[in-house]
Amino acid sequence: MSNIENMTMDLFAEPVTGPSVDVIEQVRNYRDLLNLWNYEYYVLDTPSVPDAEYDRVFQALVAIENEFPQLKTPDSPTQRVGGEARSDLEKITHAVPMLSIHTETDFSRGGAQAFDERVRKAMGWTESMSAVQYCAELKFDGLAINLRYVDGVLVSAATRGDGLVGEDVTANVRTIRSIPLRLQGVYPPVLEVRGEVIMHKKDFERINEEQRAKDLKTFVNPRNAAAGFLRQLDPKVTAKRRLSFYAYGVGEVEGEALATTHAGILDRLQGLGFPVAKERRVVDGWEALADFHEWGAEIRETLPFEIDGVVYKVNSLAEQASLGFISREPRWACAHKYPPQEAVTVVEAIDIQVGRTGKLTPVARLRPVFVGGVTIANATLHNEDFIGELGLMIGDSVVVRRAGDVIPEVVRVLPERRPEHVEAFVMPDVCPVCGSETFRDEEDKDTRCTGGLFCPAQRKQALVHFASRLALNIDGMGEKVVDALLNADLVKTPADLYQLLPLEIMSLERFGEKSAMNLIEAIEKSRQTTLNRFIYALGIRHVGESTARDLAMHFRSIDAIQKATIEELLMVRDVGEVIAESIRHFFDQAHNLEVIDSLIASGVAWPEPEAIATDNEVAGKTFVLTGTLPTLSREEAKAMLLAKGAKVAGSVSKKTNYVVAGEAAGSKLEKAQSLGVQVIDEQAMKKLLGVD
Ligand code: IVH
């Protein structure tokens, strides 16, 4: 810091050529951030930002330092070459340096073409010459490691470190089950195998579950978890078989060459007992490399481990030797990455979306950011609890993630970047779409709009449900027709259906005179219904067909249900707190009552339900219907049984009194026979019901 302050003084002496005070402040901020992130990453093994974000700030600092070289001080993070080995692990000097490879920044097919062009140019191959042969592999997202075998026995294992000197992690590596302690078959006297230590996705999930259960910090991703375990000081901790290894090359090899091609080396390594990923291909020319890159993106999510790209290598070792190196990177290899799946951005606002079912979903409005190959501006926040668990405030910087076709997610908040003014999110107590009251469903932690019949967001679903077979059963009023009616602005609520004119329906696409009249007729027919169907048709959350029936039987009028208190609702069979509250909320909305009133005013009517009979043979007995009955539909038979106080179950158990079997009855009939449940036909059922 004092360097910069001194420079500030100097600057005042030379205001024309030097950086401004703002730039100096910026440099200081960048260095503080990079130092913090470096420490989190390399010392604590718990990074708080994605690599892409580190790189972005790093590059911004490099740019300023290049513009103002007087700001380049030895303590700048840009002047550090790789991370220093941790003092608590011994150091190992690599016999052959562990190089890194050139990374293509073009995520498209062009990246493969650019690499091929460089290779051909360096080898002096003209266009008319044949295609270069390559070995294409996955780019594992883990840690590079060098395994040294002398006379077939593992003697040491080291991390890459700065490429020349790494850390001795032999004790931990010995605990990785997939790494052979002794080589199989015929091997050279000295062999160094290089590859990646990774953690499988399922192991990562399990470890994080354990961490959560113990209230300990979770790992950010499998690579960081792998780094943490690999560099553990106590090998017993690493020994839990949770790290894995894939070989992708060699270091020092004494004696005879293993093979003449890179693919040959991989095959040899596999033969010596090393895991080598089967997703590798020998191909000719850049088009095939680009195909491999695309294929990798497709299978990425299905792989048991994470990859961040693919790697291309010139297959012939002779050609590799002729290509050599440029600025410590081999000319014969390159990494072709996938766009980063994580990025940092700012949550500028939290909006509410109301879904078809009335669920209120908070959505983060993000400062647009490029992630997973696209620019995203929104991410779902699921519900209130999710926001609470993240500790998210409006204005916060967050890490967002988009993997494959998965919906973008806010992964975590970066509290160290919280600006002075942030705002807490509050779930609205009225629906932003229709103004009805909202209520929190404790069972699924969701907040919902209670204006089911009235809310424009729920219109389509409400209408489709209202017209469905077990509700008001309006034949022909499916999703497509509802869509057409809504698009033409002909209906808003179910009550509007009863005001539709034939001419209006005929104006819709795919409707003629006949089909319009058919629909009008079906609507007319639905006016005469039953109270249970009517209640079910309202689409009250948690009120299914059987609860609707219980409510109808219990209260026997819509008026009585509307007025029922929670206590009274709880008296109904199978109605618990959640259902009672949902019903109460629904009828508390003036909007919903208006729609019900207009439905009744439009002539929707039902006979008063008969009191449940108890003085007959079937009352209280449980029936199961199976197969096709000769004269009655399943629904008709069920209605007749229910009207007499019987129960109708879906599966056969010891508690079943009668199974009514029709034609082609299947497993339910068999079950009845095996349990000794009485099996009767339609005729016998009618007799029991007294409706012969
Ligand atoms: S070859 C000289 N092959 O990616 C070539 N590297 O800089 C050395 N990586 O840190 C690397 N998968 O740890 C190679 N199939 C693969 C790889 C791979 C992952 C890592 C490696 C290194 C970085 C490349």
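Residues numbered from 1 in each chain as written. Predicted model: local features only at pLDDT ≥ 70, side-chain atom pairs only at ≥ 80, totals over all residues. Heavy atoms only, no water.

Enquirer: An account of helix 24 (residues 634-643) is requested, with residue identities and associated values reported.
Expert: Among the residues making up helix 24, those that are buried are Ala 637, Leu 641 and Leu 642. In a view along the axis of helix 24, the buried residues occupy a sector of 130 degrees, so they form one face of it. Those residues of helix 24 that are buried are in contact with helix 19 (545-555), strand 21 (622-626), strand 22 (647-649) and helix 26 (682-689). Downstream of helix 24 by a residue or two, Gly 645 has a phi angle that is positive, lying close to 85 degrees. (Buried < 20%, exposed > 50% of the residue type's maximum accessible area, 1.4 Å probe, protein only. Helix = DSSP H or I, 4+ residues; strand = E, 2+ residues; numbered from the N terminus. Arc of directions from axis to C-beta. Contact = heavy atoms within 4.5 Å.)

Enquirer: A description of the packing of helix 4 (residues 110-123) against helix 10 (residues 285-299) should follow, citing residues and the corresponding values.
Expert: Two quantities define a packed helix pair, namely the angle between the helix axes and the distance between the axes. Relative orientation of the contacting elements helix 4 and helix 10 amounts to 145 degrees, with a least axis distance of 8 Å. In terms of crossing hand, the pair formed by helix 4 and helix 10 is right-handed. Residues Ala 112, Gln 113, Phe 115 and Asp 116 of helix 4 form the contact with helix 10, whose participating residues are Trp 286, Leu 289 and Ala 290. Across the contact of helix 4 with helix 10, the residue classes break down as five nonpolar, one polar and one charged. (Axes fitted to C-alpha atoms, helices over the stretch in contact; angles between N-to-C directions. Left-handed = near helix turned anticlockwise from the far one by under 90°. Nonpolar A, V, L, I, M, F, W, Y, C, P; charged D, E, K, R; others polar.)

Enquirer: So, a negative patch on the surface: which residues are in play, and what are the values?
Expert: A cluster of acidic residues, Glu 567, Glu 568, Glu 577 and Glu 581, forms a negative patch on the protein surface. Elements that contribute at least two residues to the negative patch include exactly helix 21 (566-570) and helix 22 (577-588). Tracing the backbone through its elements, the reader meets Glu 577 in helix 22. (Patch = residues over 30% accessible without salt bridge, like charges linked within 9 Å, V, L, I, M, F, W, Y side chains within 5 Å. Areas by Shrake-Rupley, 256 points an atom, 1.4 Å probe, with all protein chains shown as cover. Salt bridge = Lys/Arg side-chain N within 4 Å of Asp/Glu carboxyl O. Lys, Arg positive; Asp, Glu negative; His and termini not counted. Charge placed at Lys NZ, Arg CZ, Asp CG, Glu CD.)

Enquirer: Requested: an account of the nonpolar core, with residues and values cited.
Expert: By size, the foremost hydrophobic cluster in this structure holds 52 residues, and its most contacted members are Met 477 and Leu 497. With near-sequence residues (within four places) excluded, Leu 497 lies in contact with Leu 463, Phe 466, Ile 474, Met 477, Leu 485, Val 491 and Ile 523. Membership of the second largest hydrophobic core comes to 37 residues, among which are Leu 243, Leu 258, Ala 263 and Ile 265. (Core = buried A, V, L, I, M, F, W, Y, C linked by side-chain atoms within 4.5 Å.)

Enquirer: How would you sum up unusual backbone geometry? Please name residues and give values.
Expert: Backbone geometry places Asp 151, a non-glycine residue, at a positive phi of 50 degrees. Topologically, Asp 151 is positioned in the loop between strand 4 (143-150) and strand 5 (153-159). The backbone of His 542 sits at a positive phi, close to 75 degrees, despite the residue not being glycine. Within the element layout of this structure, His 542 appears in the loop between helix 18 (531-537) and helix 19. Residue His 542 is classed as partly exposed on the basis of its relative accessible area, which comes to 28%.

Enquirer: Account for the sheet that holds strand 4, with residues named and values stated.
Expert: Taken in spatial order, the four strands line up as 5-4-7-8 in an open sheet, and their pairing is antiparallel. Since the sheet does not close on itself, it has two edges, and those belong to strand 5 and strand 8 (244-254), each with one partner. Strand-to-strand twist of the sheet, defined as the mean angle between neighbouring strand axes without regard to direction, takes the value 25 degrees. Relative to strand 5, strand 4 runs antiparallel, the two being bridged by six bridges. Opposite Tyr 149, over in strand 5, you have Leu 154 as the bridge partner. (Pairing = 2+ DSSP bridges.)

Enquirer: I'd love a proper account of the side chain of Gln 589, names of residues and values included.
Expert: In this structure, Gln 589 sits in the loop between helix 22 and helix 23 (590-601). Contacts of Gln 589, omitting those with residues within four sequence positions, involve Ser 436, Glu 437, Thr 450 and Gly 451.

Enquirer: Describe the layout of surface pockets, and please don't skip the residues or the numbers.
Expert: Taken as a whole, the second largest pocket spans an internal volume of roughly 760 Å³. In terms of lining residues, the second largest pocket is bounded by 25 residues, among which Thr 530, Asn 532, Arg 549, Ala 639 and Ala 643 are the most central. Looking at the lining of the second largest pocket, the elements with two or more residues in it are helix 18, helix 19 and helix 24. Of the residues forming the lining of the second largest pocket, the biggest block, six residues, is contributed by helix 24. Grouping the amino acids of the lining of the second largest pocket by side-chain chemistry returns eleven nonpolar, four polar and ten charged. (1 Å grid on protein atoms, 1.4 Å probe; cavity = no way out; pocket = protein on both sides within 12 Å on 5 of 7 lines; lining within 4 Å. Points joined across faces, edges and corners; volume = space filled by probe spheres on them.)

Enquirer: Give me the lowdown on the site of the ligand, citing residues and values where you can.
Expert: Lining the immediate surroundings of the ligand are 13 residues, of which Glu 137, Leu 138, Glu 196, Tyr 248 and Lys 313 lie closest. Interatomic distance of 3.1 Å between a side-chain N/O atom of Lys 139 and an oxygen atom of the ligand. Alone, the ligand offers 510 Å² of accessible surface; in the complex the protein occludes 86% of this. When residues of the shell around the ligand are traced back to their parent elements, those giving at least two are strand 3 (133-140) and strand 10 (307-314). Among the residues making up the shell around the ligand, the classes are represented as eight nonpolar, one polar and four charged. (Near = heavy atom within 4 Å. Polar contact = N/O pair within 3.5 Å; in protein donor to acceptor, adjacent residues only side chain to side chain.)

Enquirer: Got a sec to walk through the pairing of strand 7 (residues 190-198)? Specific residues and values, please.
Expert: Counted residue by residue, strand 7 has nine buried out of nine residues, so it is predominantly covered. Note: strand 4 against strand 7, eight bridges, orientation antiparallel. The partner of Ala 144 across the bridge, within strand 7, is Glu 196. Summarising the sheet, strand 7 and strand 8 pair through eight bridges and their orientation is antiparallel. Within strand 8, the position partnered with Val 190 by the bridge is Glu 254.

Enquirer: Explain empty space enclosed by the protein residue by residue, including any values.
Expert: What the rule picks out here adds up to one cavity of 30 Å³ or more. Its volume calculated, the largest cavity comes out at about 60 Å³. Around the largest cavity, the lining residues are Glu 137, Leu 138, Phe 140, Ala 247, Tyr 248, Leu 266, Val 276, Ala 277, Glu 279 and Arg 280. Of all elements in the fold, only strand 3 and strand 8 reach the threshold of two or more residues within the lining of the largest cavity.

Enquirer: Explain the sheet that holds strand 3 residue by residue, including any values.
Expert: Each strand in a sheet pairs with its neighbour through backbone hydrogen bonds, running either in the same direction (parallel) or in the opposite one (antiparallel). The mixed open sheet is built from five strands, whose spatial order is 2-13-10-3-9. Two strands in the sheet have a free side with no partner beyond their single neighbour: strand 2 (102-104) and strand 9 (281-284). Between one strand axis and the next, the sheet turns through 35 degrees on average, direction left out of account. Here four bridges tie strand 3 to strand 9, and the two strands are oriented antiparallel to one another. Note on strand 9: the bridge partner recorded for Ala 136 is Arg 281.

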